[in-house]
Amino acid sequence: MKILLIEDNVDEAQRFQDYFVSCNDVELIGVTGSASEGLTLAAKHYPDAIILDIELDEGDGLHFLLQLKKLNLPVKPYVLVTTWTSEHRTIQAMKNNGAGFVQSKFRPAYKEHGPEIVLGILRDMEPYFSCGADGVPVTQHYFSPMTLELLKREKISEALGRIKINRGNITQAYLVEAIYLGSEMLAGGEFAIDMENVIYPKMEEKFGVKRSAMEKSMRTRIEYVWRHVPQEILAHEYTQYVDADKSKPILTDFVGYYADKFK
């Protein structure tokens, strides 16, 4: 069972991590106290289940659930919410927006056995993770390598679309390919992407275009985006530092940033 833990209390998060280490059926794919980072991790790793605290340092559980709906993941993860609140309307809002179970932290045994209680619920519910409301399976959790590649490329395209690098032109295809190849390098254990020796040669072979032409095309598109897309959108979507003098990211940094997001 692949689990994503979204919990901003450091001690509480550590309790879950320590317990999950002893569980052979659990793979903890990420831990964060941030709603936005949780969305990024969900989009990258397709968890089977998410343990979600309502109250977070950055964002909140309800906003996370609303945004999770928009990710269009191939299989929706089962979401178990943990909370200190007993406010009925808040709990109902969580259930209405995708929470499968709401676990109160006021439960007497939770203080001592929270991780065991939560994982017990997830284990009980695991046979129904991929079922609709009527209990009928809607899909399987198994994806071929080709399907996973297509899903990753789709997510990269969606991310570029949010900064107005839209589908339907060759430059967008170049950027998707460069980011995809970079993400595979990082996922394979490389510490940085290698445009010159790895990415450009593969792109030349695929597109039949010289690297100088592809590089110019991608640089020009990035410059256009940083001149015309509202800064508030760029600040939200591209959080890596941009040199104020250059006023735009260099191509390698841009590809590397998105490659790291989708590795």
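Look above for the structure.
Computed from a prediction, not measured in an experiment: that's the story for all the values here.

Calculation notes
- Residues numbered from 1 in each chain as written.
- Predicted model: local features only at pLDDT ≥ 70, side-chain atom pairs only at ≥ 80, totals over all residues.
- Heavy atoms only, no water.
- Pairing = 2+ DSSP bridges.
- Helix = DSSP H or I, 4+ residues; strand = E, 2+ residues; numbered from the N terminus.
- Axes fitted to C-alpha atoms, helices over the stretch in contact; angles between N-to-C directions.
- Contact = heavy atoms within 4.5 Å.
- Salt bridge = Lys/Arg side-chain N within 4 Å of Asp/Glu carboxyl O.
- Buried < 20%, exposed > 50% of the residue type's maximum accessible area, 1.4 Å probe, protein only.
- Polar contact = N/O pair within 3.5 Å; in protein donor to acceptor, adjacent residues only side chain to side chain.
- Right-handed = clockwise from strand over helix to strand, strands pointing away.
- Parallel < 35°, antiparallel > 145°, perpendicular 65-115°, else oblique.
- Left-handed = near helix turned anticlockwise from the far one by under 90°.
- Nonpolar A, V, L, I, M, F, W, Y, C, P; charged D, E, K, R; others polar.
- Expected span 1.5 Å × (residues − 1).
- Arc of directions from axis to C-beta.

A. Spotlight on the sheet that holds strand β4 (residues 78-83). Pairing is parallel across the open sheet formed by five strands, whose spatial order is β2-β1-β3-β4-β5. The sheet terminates laterally at β2 (27-32) and β5 (99-104), the two strands that pair on one side only. On average, adjacent strands in this sheet sit at an angle of 20° to one another, irrespective of strand direction. Across five bridges, strand β3 (residues 49-53) lies against β4 in parallel orientation. Bridging from a neighbouring strand, A49 pairs with Y78 of β4. Against the sheet, helix α1 (residues 10-21) engages β1 (2-6), β2 and β3, with an angle of about 170° to β2. The sheet strands contacting helix α5 (residues 110-125) are β1, β3, β4 and β5, and the helix crosses β4 at an angle near 160°.

B. Quick peek at the pattern of salt bridges. Across all of its chains, the model carries 15 salt bridges by this definition. Here R211 makes a salt bridge to E196, at a shortest N to O gap of 3.1 Å. Linking R211 in helix α9 (residues 211-228) with E196 in helix α8 (residues 195-207), this pair joins segments that are 15 residues apart in sequence. Among the charged side chains, a salt-bridge network with shared partners connects E149, R153, E177 and K206.

C. Spatial organisation of the side chain of S217. With respect to the helices and strands, S217 occurs in helix α9. Judged by relative accessible area, which is 19%, S217 ranks as buried. For S217, the contacting residues outside a window of four places in its chain are T171 and Y174.

D. Structural detail: the side chain of E7. Relative to the elements of secondary structure, E7 occurs in the loop between β1 and α1. Within the structure, the side chain of E7 is placed 2.9 Å from the backbone nitrogen of N9, a separation counted as a polar contact. At a separation of 3.1 Å, a polar atom in the side chain of E7 contacts the side chain of K105. Those residues in contact with E7, other than ones at most four positions away along the chain, are E12, A13, T32, G33, D53, L56, T82 and K105.

E. Region of interest: the pairing of β5. Where β4 meets β5, five bridges bridge the pair, whose relative direction is parallel. Paired with T82 across the two strands is Q103, which belongs to β5. At this point the chain moves from β4, through helix α4 (residues 88-96), to the parallel β5, and the crossover so formed is right-handed.

F. Geometry of the packing of helix α7 (residues 170-187) against α8. Running from N to C, α7 and α8 cross one another at 135°; their axes reach a closest spacing of 10 Å. On the basis of the axis angle, α7 is oblique to α8. Seen along the crossing, α7 lies across α8 with a hand that is right-handed. Taking contact as the criterion, the partners of I170, A173, Y174, E177, A178, L181, G182 and M185 in α7 are, on α8, V198, I199, K202, M203, K206 and F207. The residue inventory of the contact of α7 with α8, partitioned by class, reads 10 nonpolar, one polar and three charged.

G. The environment of G161, seen in detail. Structurally, G161 can be placed in helix α6 (residues 145-161). The exposure class assigned to G161 is partly exposed, which follows from its relative accessible area of 23%. Taking the C-alpha atoms as reference, G161 lies 41 Å from G114; in sequence the two are 47 residues apart.

H. Molecular detail of α9. For α9, with 18 residues, the first-to-last C-alpha span of 26 Å sits near the 26 Å given by 1.5 Å per residue. For α9, the complete set of buried residues consists of M214, S217, M218, I222, V225 and W226. What you see down the axis of α9 is that its buried residues fit within an arc of 165°, all on one side. Every exposed residue of α9 that faces more than 90 degrees away from the buried side is listed here: K216 and R227.

I. Expanded view of unusual backbone geometry. The phi angle at Y46 is positive, at roughly 50°, despite the residue not being glycine. For K164, which is not glycine, the phi torsion reads 70° and is therefore positive. Mapped onto the elements of the fold, K164 is located in the loop between α6 and α7. Among the residues examined, K164 registers a relative accessible area of 43% and is labelled partly exposed.

Honestly, that's just the spatial picture; any functional story needs more than this.
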